[in-house]
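# A structural walkthrough
Okay, here's what each chain looks like letter by letter:
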Amino acid sequence: MSHDGVRLRAVMRSVVFLTAGALAVPTLASCGSDDESGKPLAAQDIAPAGRDLVADGGTLRWAVDDVPETLNTFQSDADDATTRVAQAVLPAMFRLDAQGRPQRDADYLESAKVVDTEPKQVVLYKLDQQAVWSDGREIGAADFAAQWRALSGKDSAYWTARNAGYDRIEKIERGANNLEVKVTFSRPYADWKALFSPLYPKDVMGTPDAFNDGARRTLKVTAGAFSVQKVDRKDKEIVLGRNPHWWGRPAKLSQIVLAAVPLDKRAAALADGSVDLAEIDPADASRIALAGRAKGTSTPLQGATPTGKDENKNESRQKKKLSKKERKALAKFLRRQDALRAFTVRRSLEPAYTQLALNGSEGPLADERVRRAVARALDRTELAKVVLKPLGLPAVPVGSHLALSGQAAYADNSGALGGQDTAEAQALLADAGWVPGGPVKDKGEKAAGSEGKKSKKSDDGAESEGGSDGQYIVGEDNKDPQDHTKKHGHGDESSKHLADGRQYDGRKVKQGGAPGAYAPKGTAAPADAKTGLLAKDGKPLALRFVLPSGTGSESLGAVADSISRMLEKVGIRTEITKVSDDSYFKDHIASGQYDLALYSWPASAFPATDARPIFAKPVPAADGSLNVEQNYTRVGTDQVDQLFDQAASTLDEDESAALVRKADARIWAAAGSIPLYQRPQLTAARRTLANAGSFGFQTPLYEDMGFLKKGATPSASPTRD
């Protein structure tokens, strides 16, 4: 898995095949609209083809990171491979479409809707009459009830990762017949469509022992287009075969083999035929693209050689006599390149975004003015270009913490903080007491930062946990349009967004009118701000920037370098530290041992539920420690928590989306994390493989995947090579 924005897959477990788990995804208008939500920035790239063009039979070998430790998606050590198995073999009441929005799965549901709201919310599920488990038993209320009891949180004997939503259910009962399931909630729950996706049989959920251990190594009873035939830990693969009891469209493939292949071994596995489909890193994508362009030529193309050097820089070397070892390496390289011509790279954007996290628990970043200064120093469009432009993907910065473009809750709320503005960043730092050329104690003193003296208060002595709610100016900088706003592409808009959740058309928000979002009126950037780094109380302003060092982390390093140069322009020094992948989250992010860090969250179709743990205000635990849930920046506010709670309890979808947008605007204003770009999704696929590749938001249709019939061609697709 690429570390371009390392993702917490094991931490966030979603109720929609685990992609709704935080993760993880809004303007302040009173209701949602398609204009605000927009469209996905990149279409999925799966070589779509009608089922009549796809051959019956065949085995698809699909690379995964590892054989999963568990096949139970609701356990804490579930991963992407767990999700992939569950999608192929288990029922889901709702799946995600190409815009990341939940849609009823007609193979299992005839309908599902809220039938009562008073005195309690009641949802009635009407199941497809053909829906049965692989043992022949009908899917019914007993399965729903068993899953609810296991995930409700009331029985600690069940080792569950989380119980969001299930803890709001009061009872589950049979409806008018065996095909109806009636779910009554103890309190309103907007994200009810997130529940029972996937749905496990009562045999798995019925007892703590079955839940904790029964579904870790195998799934004996399933109800999807495929079933689990074998979990082979020795050969590191899972074999899925056609489910003979499946009532939907028959699976085109006979088998899907999920083979564990490390990211740095995937190009070789593709070349030797070990896999047909694999997510890859940008370097391997370039190699496959070069191989494809070389088809039909006898002259070597410019590009990577076995030694990693460009051919055009080694013309003289080609004229020299190669050693036996070099000839052998070249022959092997050319054989692999020839084999890679059978593959293409399918490109889209992953439903996840990379963010810059700012640890607000101590040091300079405990002061919200310094966090805002960091944010105002960044040109997010340029940072997106670093990663996405070379891949031919749209380099558009993400405008929301809680949704991505195309999703119902999306709107660009970055105006709550303001765009790139060097002068404003310098003014904020000056207001916080950081000045250029200040006296610095050379010896025996650490730079201000996470390794310096811990402080729970900001530099002016006031506690800072994201600022004083109600004081944020939520809108873009009201500067002369000839100034930085125009220069950096953040021009004036017809309305300004304020933190009370309303829009004020034509109303100007003056600097200093509401403290917090900007430096106080009259605070100018120091005249000599360009001459050096900043200091305060004898300590230089230096921030520890922690990054992973493993395979696939190169793009993160490039982004970090660009961020460091941008911060240096406003007087902030960064100290980049690269650590092993194994310790990155455990020893640094989760424990708060960093000032700045880059990692990713998956987008959720249900942000009111799934994003709350990421942005909830940390609270003291009984033992005196700080309970941060998944909020590793330690920045949160009571009002953000309240908005999440309101959104999760509002059954009107437009109103709920509007509340999510309000929460996002406040998260922007607190400047604990800065969304940068949507992650690239690069998938190498055999050219004859249809309906598979880079899926974007959409849940894959496993029954439609397969190899094209001879002479058949897929529909138009955005593939670039």
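Along each chain, the written sequence defines residue order, and numbers are assigned to residues from 1. pLDDT decides what is reported in this predicted model: residues at 70 or higher carry local features, side-chain atom pairs at 80 or more are listed and counted, and totals for whole chains, interfaces and linings draw on all residues regardless. By convention in this description, side-chain values take in all heavy atoms of the structure and omit both hydrogens and water.

## Let's talk about the sheet that holds strand S7 (residues 180-185)
- Note: two strands are recorded as paired if DSSP finds a minimum of 2 bridges between them. Secondary structure follows DSSP: runs of H or I at least 4 residues long count as helices, runs of E at least 2 residues long count as strands, and numbering of each begins at the N terminus. Taking strand neighbours across the sheet as the criterion, the four strands line up as S4-S5-S7-S6 in an open arrangement whose pairing is antiparallel. The sheet terminates laterally at strand S4 (109-116) and strand S6 (169-174), the two strands that pair on one side only. The sheet shows a mean angle of 15 degrees between the axes of neighbouring strands, taken without regard to direction.
- Bridge analysis of S4 against strand S5 (residues 122-127) gives six bridges, and the strand direction is antiparallel. Each residue of the ladder has a partner; that of Val114, found in S5, is Val123.
- Between two residues, a contact is recorded if the distance between any of their heavy atoms is within 4.5 Å. Axis definition: a line fit to C-alpha positions, over the contact stretch in the case of helices; interaxial angles, taken between N-to-C directions, run 0 to 180 degrees. Here helix H3 (residues 141-151) sits on the sheet and contacts S5, S6 and S7; the angle it forms with S6, its principal contact strand, is near 160 degrees.

## Focus on the nonpolar core
- One finds Met93, Tyr125, Phe196, Phe226 and Leu240 to be the most contacted residues of the largest nonpolar core, which totals 72 residues.
- Among the elements that take part in this core, H3 stands out by supplying seven residues, more than any other.
- We call a set of buried Ala, Val, Leu, Ile, Met, Phe, Trp, Tyr and Cys residues a nonpolar core when their side-chain atoms join them within 4.5 Å. For every residue, the accessible area obtained with a 1.4 Å probe (protein chains only) is divided by the maximum for its type, and the residue is called buried under 20%, exposed over 50%, and partly exposed between those limits. By size, the runner-up hydrophobic cluster in this structure holds 62 residues, among which are Leu356, Leu541, Ile563 and Ile674.

## Describing the pairing of strand S19 (residues 573-579)
- In this sheet, S19 lies alongside strand S18 (residues 542-548) in parallel orientation, the contact comprising seven bridges. Pairing of Pro548 across the sheet is with Val579, part of S19.
- Throughout, right-handed denotes a crossover for which the path from the first strand over the helix to the second runs clockwise when the strands point away from the viewer. In this fold, the crossover linking S18 to S19 by way of helix H14 (residues 554-568) has right-handed handedness.

## A look at the side chain of Arg666
- Structurally, Arg666 can be placed in helix H19 (residues 653-670).
- You can call Arg666 buried: its relative accessible area is 9%.
- By the criterion applied in these results, polar contacts are pairs of N or O atoms within 3.5 Å in which, for protein atoms, one can donate a hydrogen and the other can accept it, and in which residues neighboring in sequence qualify only through two side-chain atoms. In this structure the side chain of Arg666 is engaged in a polar contact, spanning 2.9 Å, whose partner is the side chain of Gln639.

## Comments concerning empty space enclosed by the protein
- Any residue with an atom within 4 Å of a point lines the site, the site being either a cavity, points on a 1 Å grid over the protein atoms alone where a 1.4 Å probe fits but cannot get out, or a pocket, an open set with protein on both sides within 12 Å along at least 5 of 7 lines. Grid points are joined across faces, edges and corners, and a volume is the space filled by probe spheres set on the points. Of the pockets and cavities examined, the second largest cavity occupies roughly 70 Å³.
- If you go around the second largest cavity, the residues you meet are Phe615, Thr633, Val635, Gly636, Thr637, Val640, Ile667, Ala670, Gly672 and Ser673.
- Tallied by class, residues from the lining of the second largest cavity come to five nonpolar, five polar and no charged. Each residue is assigned to one of three groups, with Ala, Val, Leu, Ile, Met, Phe, Trp, Tyr, Cys and Pro labelled nonpolar, Asp, Glu, Lys and Arg labelled charged, and all others, Gly among them, labelled polar.

## Here's the deal with the packing of aromatic side chains
- Aromatic pairing here means that ring centres of Phe, Tyr or Trp (its six-membered ring) are within 6.5 Å. Orientation follows from the plane angle: under 30 degrees is stacked, over 60 is edge-to-face, and everything else is tilted. Under the defined criterion, the tally for this structure stands at 19 aromatic pairs.
- Seen from their ring centres, Tyr108 and Trp246 are 6.0 Å apart, and the 55 degrees between their planes marks the pair as tilted. With Tyr108 in the loop between strand S3 (102-104) and S4 and Trp246 in the loop between strand S9 (237-242) and strand S10 (255-260), this pair connects stretches of sequence that are 138 residues apart. This pair shows no difference in class: Tyr108 is buried, exactly as Trp246 is.
- Arranged with centres 4.7 Å apart and planes meeting at 50 degrees, the rings of Phe144 and Phe196 form a pair that is tilted. In this pair, Phe144 sits in helix H3 while Phe196 sits in the loop between S7 and helix H4 (202-205), placing the two residues 52 residues apart along the sequence.
- Residue classification places Phe144 among the buried positions, given a relative accessible area of 0%.
- Joined through ring pairs, the aromatic side chains of Phe74, Phe94, Tyr125, Phe144, Tyr166, Trp192, Phe196 and Tyr200 make up one cluster.

## A word on unusual backbone geometry
- Following Glu118, the chain continues into Pro119 via a peptide bond in cis, with omega recorded as 0 degrees.
- Inspection of the secondary structure puts Pro119 in the loop between S4 and S5.
- In this model, Glu629 sits at a positive phi of 50 degrees, which is unusual for a non-glycine residue.
- Looking at the secondary structure, you find Glu629 in the loop between strand S22 (626-627) and helix H18 (638-648).
- Of note in the backbone geometry, Asn691 takes a positive phi value of approximately 65 degrees without being a glycine.
- Take Asn691: it is sitting in the loop between strand S24 (689-690) and strand S25 (706-707).
- For Asn691, a relative accessible area of 10% puts it in the buried group.

## Observations concerning the environment of Ser549
- Relative to the elements of secondary structure, Ser549 occurs in the loop between S18 and H14.
- Take Ser549: its relative accessible area is 43%, and that puts it in the partly exposed class.
- Along the backbone, Ser549 and Val579 are 30 residues apart, and their C-alpha atoms lie at a distance of 5.6 Å.
- Ignoring any residue separated from it by four or fewer positions in sequence, one finds Ser549 in contact with Lys578, Val579, Ser580 and Asp581.

## Comments concerning helix H11 (residues 380-388)
- Within H11 the residues assigned to the buried category are Arg380, Leu383, Ala384, Val387 and Leu388. Within H11, the buried residues cover an arc of 115 degrees as seen down the axis, which keeps them to one side.
- On its buried side, H11 packs onto strand S12 (343-358), H14, H19 and strand S23 (673-686). Here the arc refers to the directions that run from the helix axis out to each C-beta atom.

## Considerations on the pairing of S18
- Taking burial as the measure, the seven residues of S18 include seven buried ones, the bulk of the element.
- On S18, burial covers both faces: Ala542, Arg544, Val546 and Pro548 on one face and Leu543, Phe545 and Leu547 on the other are all buried.
- Of the strand pairs in this sheet, S18 and strand S20 (residues 596-602) are connected by two bridges, and their pairing is parallel. Across the sheet, residue Val546 finds its bridge partner in S20, namely Ala597.

## A short note on the packing of helix H7 (residues 282-293) against helix H9 (residues 324-340)
- Close contact between H7 and H9 brings their axes to 8 Å; oriented N to C, the two are set at 80 degrees. In terms of axis orientation, H7 runs roughly perpendicular to H9. Of the residues in H9, those touching H7 at Arg287, Ile288 and Ala291 are Phe333, Arg336, Gln337 and Leu340.
- Residues of the contact of H7 with H9, tallied by class, amount to four nonpolar, one polar and two charged. Oblique is the label for any angle not under 35 degrees, not over 145, and not in the 65 to 115 range, which are roughly parallel, roughly antiparallel and roughly perpendicular in turn.

## Quick notes on the pattern of salt bridges
- Within this document, salt bridges are pairs made up of a side-chain nitrogen of Lys or Arg and a carboxyl oxygen of Asp or Glu, the two lying within 4 Å of each other. With the rule as written, the count across this model stands at 26 salt bridges.
- For Arg369, the salt bridge is made with Asp431, and the minimal N-O distance between the two is 3.2 Å. Pair noted here: Arg369 is in helix H10 (residues 368-377) and Asp431 is in helix H12 (residues 422-431), with a separation of 62 residues, a long-range link.
- Classification of Arg369 by relative accessible area gives buried; the value is 14%.
- Under the relative-accessibility criterion, Asp431 is labelled partly exposed at 26%.
- Through salt bridges with shared partners, a single network forms among Arg51, Arg249, Glu703 and Asp704.

## Here we look at the side chain of Arg346
- Its place among the elements puts Arg346 in strand S12.
- No salt bridge is formed by the buried Arg346; its nearest oppositely charged neighbour, Asp45, is found at 5.1 Å. Asp and Glu count as negative and Lys and Arg as positive, but His and the ends of the chain are not part of the count.

## A closer look at a positive patch on the surface
- Here the term patch refers to residues with relative accessible area over 30% and no salt bridge, with like charges joined within 9 Å and nonpolar side chains (Val, Leu, Ile, Met, Phe, Trp, Tyr) within 5 Å. Shrake-Rupley sampling with a 1.4 Å probe provides the accessible areas, and residues are treated as covered by the protein chains on show and by no other component. Charge positions come from single atoms, namely NZ of Lys, CZ of Arg, CG of Asp or CD of Glu. A surface patch of like charges, here positive, comprises Lys321, Lys324, Arg327, Lys328, Lys332 and Arg335.
- The topology assignment puts Lys332 in helix H9.

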